[in-house]
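Next come the chains, spelled out residue by residue.
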Amino acid sequence: MSSADPGLGIFTVLPSYVAAVAGLSVSAALARDVSGAVAVVPGSGDWWQGMLDARARGAAAVVIADPAALPQKGIGAYPWPGDIPVIVERPRLRPDVVADALRARPGRPARIVTVECAAPAAGLEAVIRDGLGWARSLVRGPLTLQVCSATAEARIALLDSGGSPGGAIPVTLGATAAAGLHADGLLQVLGLGEVRTEVTVDQQAGLTRLETYTGDGALRAPERYESSARLALRRAIEAHSSGQPGTDLDELLEDMSLTRAVLAT
């Protein structure tokens, strides 16, 4: 990219993404039109339709900003063609933090994973979804729901990774509906095995903490100061440059499907 090149266009009105573009002045610039640009689709509404609309208007790539839950019919009615990259911003499941966790336990998938989460009713489904995404990442394979029990305000489930090379890895999930009107939540994930991984995500406090315990002692991963919006834009620019669509959308849909199976039981 030459010094005169303003960078790839980013079409967005979200303040966090406008700020992120300002921090990527060499590789990105705000665009006035979707065509040929990375379109940032707000995750608070019907983001599936927003994604389809962006593609129809000529977007070069799409970023889904912190997607909320969607009705299943909204996804099934119009399948995604998969011809442009889709990056999903999931602040509770940042790919850089996941990579840090996996690097700290090389070649050693967790032998058991526990996920505990709490959020107001409006945000509980999304927090469960991202907790299950963490479990999927730590066992390094898809999960299958085995049994689930629920009360009016809480739910507990047992899942496993039946397709893992080393045999089924059990995963337990506990979810509680908390009081409050905001959609933020608390997520705690524990991966046990030869290496112990502890993840805590407290959205209201702006905290993401990753700790790894081995026979040599404890290691706390350095705090990530880059915003999740800036990270998502960097990944979208890289995906557009490489022509690789990535797996973000497939992983999101997999985690959504499993979450709905848990909530429907």
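Structure first, text after, so check above.
Residues numbered from 1 in each chain as written. Predicted model: local features only at pLDDT ≥ 70, side-chain atom pairs only at ≥ 80, totals over all residues. Heavy atoms only, no water.

**A closer look at the overall build of the chain**
In terms of helices and strands, the chain carries seven helices and 13 strands. Taking 265 residues into account, the globule formula puts the C-alpha radius of gyration at 18 Å, and the chain, at 19 Å, falls close to it. Along the first, second and third principal axes, the C-alpha set of the chain runs to 55 × 45 × 40 Å. Surface accessibility of the chain: about 12,600 Å² in total, with carbon and sulfur atoms responsible for 55%. Counting 23 positive and 28 negative side-chain charges, the chain places the centres of these two groups 2 Å from one another. (Helix = DSSP H or I, 4+ residues; strand = E, 2+ residues; numbered from the N terminus. Rg over C-alpha atoms; globule rule 2.2 N^0.38 Å. Areas by Shrake-Rupley, 256 points an atom, 1.4 Å probe, with all protein chains shown as cover. Lys, Arg positive; Asp, Glu negative; His and termini not counted. Charge placed at Lys NZ, Arg CZ, Asp CG, Glu CD.)

**Regarding the environment of Ser227**
Turning to its location among the elements, Ser227 is positioned in the loop between strand S13 (217-220) and helix H6 (228-242). Residues Ser227 and Met256 lie 29 residues apart in sequence; the distance between their C-alpha atoms is 24 Å.

**Details of the packing of helix H5 (residues 121-139) against helix H7 (residues 248-264)**
Interhelical geometry of H5 versus H7 gives an angle of 115° and a closest axis separation of 9 Å. When the axes of H5 and H7 are compared, the crossing they make is right-handed. The residues of H7 that touch H5, namely those facing Glu125, Ile128, Arg129, Leu132, Gly133 and Arg136, are Glu251, Leu252, Glu254, Asp255, Met256, Leu258, Thr259, Arg260, Val262 and Leu263. Of the residues assigned to the contact of H5 with H7, the class counts are seven nonpolar, two polar and seven charged. (Axes fitted to C-alpha atoms, helices over the stretch in contact; angles between N-to-C directions. Left-handed = near helix turned anticlockwise from the far one by under 90°. Contact = heavy atoms within 4.5 Å. Nonpolar A, V, L, I, M, F, W, Y, C, P; charged D, E, K, R; others polar.)

**A few points about helix H1 (residues 15-22)**
The complete set of buried residues in H1 reads Tyr17, Ala20 and Val21. The arc that holds the buried residues of H1, viewed along the axis, is 100°, so those residues lie on one side. What points out from H1, more than 90 degrees from its buried face, is the exposed set Pro15, Ala19 and Ala22. Check the buried side of H1 and you find it contacts strand S1 (8-11), strand S2 (28-30), strand S3 (38-42), strand S4 (61-65), strand S5 (86-89) and H6. (Buried < 20%, exposed > 50% of the residue type's maximum accessible area, 1.4 Å probe, protein only. Arc of directions from axis to C-beta.)

**Digging into the nonpolar core**
Membership of the largest hydrophobic core comes to 32 residues, with the highest contact counts inside it found for Val113, Trp134, Leu173, Leu187 and Val189. Only helix H4 (95-103), strand S6 (112-120), H5, strand S8 (154-160), strand S9 (170-178), strand S10 (186-192), strand S11 (196-202) and H7 provide two or more residues apiece to this core. Looking at this core, the element that brings in the most residues is H5, giving eight residues. Those residues in contact with Val189, other than ones at most four positions away along the chain, are Val113, Thr114, Val115, Trp134, Leu138, Thr197, Glu198 and Val199. If you look at the next biggest cluster of nonpolar residues, it comprises 20 residues, including Ala39, Trp48, Met51 and Ile75. (Core = buried A, V, L, I, M, F, W, Y, C linked by side-chain atoms within 4.5 Å.)

**A short note on H6**
Helix length check: H6, at 15 residues, gives a terminal C-alpha distance of 21 Å against a target of 21 Å (1.5 Å per residue), a fit within 8%. Looking at H6, one finds that the buried residues are Ser228, Ala229, Leu231, Ala232, Leu233, Ala236, Ile237 and Ala239. Within two residues after H6, Gly243 carries a phi angle of roughly 75°, on the positive side. (Expected span 1.5 Å × (residues − 1).)

**Points about the packing of helix H2 (residues 47-56) against H7**
Remark: H2 packs on H7, axes separated minimally by 14 Å, with the N-to-C direction vectors making an angle of 160°. With respect to their mutual orientation, H2 and H7 come out roughly antiparallel. Crossing of H2 against H7: the hand is left-handed. Of the residues in H7, those in contact with Trp47, Trp48 and Met51 of H2 are Leu249, Leu252, Leu253 and Met256. (Parallel < 35°, antiparallel > 145°, perpendicular 65-115°, else oblique.)

**Focus on the environment of Gly180**
Within the secondary structure, Gly180 is located in the loop between S9 and S10. Remark: the alpha-carbon pair of Gly180 and Ala119, spanning 61 residues in sequence, is separated by 8.2 Å.

As far as function goes, none of this settles anything; it's purely spatial.
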